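A structural walkthrough
The chain contents come next:
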Amino acid sequence: MYIFELISTIINKIKNPEKKIEKDFSDDYQNCEHTFLPVDSTKKVFACIKCGLVKKAKDLNKK
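Structural notes, computed from the coordinates. Along every chain, residues carry numbers that run from 1 in the direction the sequence is written. Given that the model is predicted, a residue must reach a pLDDT of at least 70 before its local features are reported, and side-chain atom pairs must reach 80 or more before they are shown or counted; all residues, however, enter totals for whole chains, interfaces and linings. To get the side-chain values, take all heavy atoms of the structure and skip hydrogens and water.

**Some details on the sheet that holds strand 3 (residues 54-56)**
Whether two strands pair depends on DSSP finding at least two bridges between them. Put simply, DSSP H or I for four residues or longer makes a helix, DSSP E for two residues or longer makes a strand, and each gets a number counted from the N terminus. Sheet architecture is open: 3 strands sit in the order 1-2-3, paired in antiparallel fashion. Here the strands that pair on one side only, and so sit at the sheet edges, are strand 1 (36-38) and strand 3. Neighbour to neighbour, the strand axes of the sheet diverge by 35° on average, direction disregarded. Pairing geometry for strand 1 and strand 2 (residues 45-48), over 3 bridges, is antiparallel. Residue pairing in the sheet places phenylalanine 36 in a bridge with cysteine 48 of strand 2. Working convention: axes come from line fits to C-alpha atoms, limited for helices to the stretch in contact. Angles between N-to-C directions cover 0 to 180 degrees.

**Examining the pairing of strand 2**
Hairpin geometry of strand 1 and strand 2 is characterised by an intervening segment of 6 residues between the two adjacent antiparallel strands and by a positive phi of about 55° at lysine 43. Joining the antiparallel neighbours strand 2 and strand 3 is a turn of 5 residues, in which glycine 52 adopts a positive phi near 90°.

**Looking at unusual backbone geometry**
Positioned with a positive phi, lysine 43 is a non-glycine residue whose angle comes to about 55°. Position of lysine 43 relative to the elements: it lies in the loop between strand 1 and strand 2.

**A word on the environment of lysine 56**
With respect to the element layout, lysine 56 can be found in strand 3. For lysine 56, a relative accessible area of 48% gives the class partly exposed. Expressed as a C-alpha distance, the spacing of lysine 56 and lysine 43, which sit 13 residues apart in the sequence, is 8.8 Å. Beyond its immediate chain neighbours, meaning those up to four positions away, lysine 56 contacts Lys44 and Val45. For the exposure calls, accessible area comes from a 1.4 Å probe over protein chains only, and a residue counts as buried if that area is under 20% of its type's maximum, exposed if over 50%, partly exposed in between. Note on contacts: a residue pair is in contact if any heavy atoms of the two residues lie within 4.5 Å.

**Brief notes about the state of the cysteines**
Chemically, a disulfide is nothing more than a covalent bond linking the sulfur atoms of two cysteines. Sulfur atoms of two cysteines make up a disulfide when they are within 2.5 Å. Per the stated rule, a full pass over the model turns up 0 disulfides. Here cysteine 32 is not cross-linked by a disulfide; its sulfur's nearest cysteine counterpart is in cysteine 48, at 3.7 Å. The thiol of cysteine 51 is not disulfide-bonded; the next cysteine sulfur, from cysteine 48, is found 3.7 Å away.

Right, dumping it as structure tokens:
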């Protein structure tokens, strides 16, 4: 029975391929009001909690 389910799943994927939606995140980075939190316990790498932009601590202190 498993083999028939596997075959039907493969046939359905061939007949109805899933459409991949690719979103351009470059605008999100520019429009985001960044709020950075440390990624790990060393507090050397930070990431924005809203858009996911990653920066090092030395780059954040240059402002």
